[in-house]
Amino acid sequence: MSIALFGELLIDFISKDSVDNLINASTFTKNVGGSPANITRNLIQLGINAYLVSRIGNDQFGRFILKKLRENNVNASYIQIDEVLPTTVVFVSKTSQTPDFLPIRGADTNLQIPDEKLFENISWIHVSCWPLTKKESCDTILKILRKASETSIKIGFDPNCRKKLFCDKKIDLEPIIEIFKKSFVTKPSLDDMKEIFGPMPDERYIEILHSLGLKYVILTLGKDGALVSDGKTLRHIPSAATKVVDATGAGDAFWSGIYYGLLNGWNIFDSSKLGSVIAAHVLENVGSDVKLQSIDYYISKMRSVYCET
């Protein structure tokens, strides 16, 4: 089974020093970033057939990204090259909490519909919130997902929405709700849900998402683990992390475990435990471009952490 991941592909400039606010950052390291790119790279390391669909500029940063993708065995066939807009750049704070970030948007906002052949080879589509923040890329994503929802392709939605990504600094709920209604699984963080729906009890967020038609909901709670629901059973999964250096890419690592499990026929609770264990590994490193261990290592770690046989 294969998955295509749609969304941002960019350069992350991550502060060398641990800071809660970019105002206090002075020097940065350059990394390939973007949530769908991180998940794609992780899944390929875990042995999953994954395609990344995104857009970069025809510039030095774009060429750097392509070089790094090839080094990580990521198929670049569906990476679009924009001749006008530059590669998107994001400045990110190194922190154990939710990172502060400053996006400078470019080519990712001009995503186009990929070749039809892609949809013949996939069983899942993953999409992030970033394309929904600009009209052109939002229209593209909605067309793709409307088509997918009429087939057997399942949809996973990462609602990593932030007001600063939208033109008027106000979240446009209409396309977000439409995608929730078409999706099979979602994994928002508590920060995501507060940004979209405002403050409310944790379990209320899960109730709202199920009411929109989602089968599986995983609400991540940072150091407090995650609440995982299949609509009938709600379970708390403690965090597997024992050491936290940098939170960048941890949510994407969690997604990677979820997709590995679901693509291999696991239930959502075991898939989420695997995600927690992989996220714990990424949390011990700086940046999201972390070399993963073998899937057997993570399965063994999962059984140990969660006392399973």
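Residues numbered from 1 in each chain as written. Predicted model: local features only at pLDDT ≥ 70, side-chain atom pairs only at ≥ 80, totals over all residues. Heavy atoms only, no water.

A. Just the overall build of the chain, in detail. The helix and strand inventory of the chain stands at 10 helices and 13 strands. Taken against the 2.2 N^0.38 rule, which gives 19 Å for 309 residues, the C-alpha radius of gyration of the chain at 18 Å falls within 12% of a compact globule. Relative to its full complement of 309 residues, the chain shows a buried share of 58%. In the structure as shown, the chain presents an accessible area of about 13,300 Å², 48% of it carried by carbon and sulfur atoms. Considering the chain, the positive charge centre built from 36 side chains and the negative charge centre built from 36 side chains are found 2 Å apart. (Helix = DSSP H or I, 4+ residues; strand = E, 2+ residues; numbered from the N terminus. Rg over C-alpha atoms; globule rule 2.2 N^0.38 Å. Buried < 20%, exposed > 50% of the residue type's maximum accessible area, 1.4 Å probe, protein only. Areas by Shrake-Rupley, 256 points an atom, 1.4 Å probe, with all protein chains shown as cover. Lys, Arg positive; Asp, Glu negative; His and termini not counted. Charge placed at Lys NZ, Arg CZ, Asp CG, Glu CD.)

B. Geometry of the sheet that holds strand β7 (residues 101-104). One open sheet accounts for four strands, arranged β3-β2-β6-β7; its pairing is mixed. Because the sheet does not close on itself, it has two edges, and the strands there are β3 (28-33) and β7. Within this sheet the neighbouring strands show an average axis-to-axis angle of 25°, counted without direction. Bridging between strand β2 (residues 10-18) and β3 involves six bridges; their strand directions are antiparallel. Pairing of serine 15 across the sheet is with phenylalanine 28, part of β3. (Pairing = 2+ DSSP bridges. Axes fitted to C-alpha atoms, helices over the stretch in contact; angles between N-to-C directions.)

C. Inspection of the pattern of salt bridges at higher detail. Evaluated as defined, the whole model comprises 12 salt bridges. One salt bridge connects lysine 67 with glutamate 71, and the closest N-O pair in it is separated by 2.7 Å. Placement of the pair is lysine 67 and glutamate 71 together in helix α2 (residues 60-71), with a separation of four residues, close to one helical turn. Here glutamate 71 falls in the partly exposed class, since its relative accessible area comes to 46%. Via salt bridges that share partners, Lys67, Lys68 and Glu71 belong to a single interconnected network. (Salt bridge = Lys/Arg side-chain N within 4 Å of Asp/Glu carboxyl O.)

D. Representation of the state of the cysteines in the model. In the structure shown here, the tally under the stated rule is one disulfide. Paired through a disulfide, cysteine 129 and cysteine 161 show a sulfur-sulfur distance of 2.0 Å. Negative torsions about the S-S bond denote left-handed disulfides, and the value of about 100° found for cysteine 129 with cysteine 161 makes this one right-handed. Placement of the pair is cysteine 129 in the loop between β8 (124-128) and α4 (135-149) and cysteine 161 in the loop between β9 (154-158) and α5 (173-182), with a sequence separation of 32 residues. The pair cysteine 129 / cysteine 161 is uniform in exposure class, with both members buried. Free of any disulfide, cysteine 167 has its nearest neighbouring cysteine sulfur in cysteine 138, separated by 11 Å. (Disulfide = S-S within 2.5 Å.)

E. Structural detail: the side chain of serine 276. Within the secondary structure layout, serine 276 lies in helix α9 (residues 268-283). Taking relative accessible area as the criterion, serine 276 reaches 6% and is therefore assigned buried. With residues near it in sequence (within four places) discarded, serine 276 still touches Pro238, Ser239, Ala240, Phe254 and Tyr306. (Contact = heavy atoms within 4.5 Å.)

F. Inspection of the sheet that holds strand β11 (residues 216-220) at higher detail. Across the sheet, which stays open at both edges, the nine strands sit in the order β5-β4-β1-β8-β9-β10-β11-β12-β13 with mixed pairing between neighbours. Single-partner strands in this sheet number two, and they are β5 (79-82) and β13 (234-237). Where strand β1 (residues 2-6) lies against strand β4 (residues 49-57), five bridges are found, and the strand directions are parallel. Residue pairing in the sheet places phenylalanine 6 in a bridge with valine 53 of β4.

G. Molecular detail of the pairing of β2. Bridging between β2 and strand β6 (residues 89-94) involves five bridges; their strand directions are parallel. Opposite serine 18, over in β6, you have lysine 94 as the bridge partner.

H. Up close: the nonpolar core. Grouped together as the largest cluster of nonpolar side chains are 48 residues, with contacts concentrated most on Phe6, Ile125, Ile176 and Phe180. Per-element accounting of this core gives the leading share, six residues, to α4. With sequence-adjacent residues up to four places away left out, phenylalanine 180 is seen in contact with Phe157, Pro159, Thr186, Met193, Phe197, Leu209, Leu212 and Leu214. Within the second largest apolar cluster, 38 residues are counted, among which are Ile48, Trp124, Val277 and Tyr298. (Core = buried A, V, L, I, M, F, W, Y, C linked by side-chain atoms within 4.5 Å.)

I. Examining the packing of α4 against α5 more closely. Running from N to C, α4 and α5 point in directions that differ by 20°, and their axes come no closer than 10 Å. Between α4 and α5, the angle is such that the two are roughly parallel. For the pair α4 and α5, the crossing hand works out as left-handed. Residues Cys138, Ile141, Leu142, Leu145, Arg146 and Ser149 of α4 form the contact with α5, whose participating residues are Pro175, Glu178, Ile179 and Lys182. Here the contact of α4 with α5 is composed, by residue class, of six nonpolar, one polar and three charged. (Parallel < 35°, antiparallel > 145°, perpendicular 65-115°, else oblique. Left-handed = near helix turned anticlockwise from the far one by under 90°. Nonpolar A, V, L, I, M, F, W, Y, C, P; charged D, E, K, R; others polar.)

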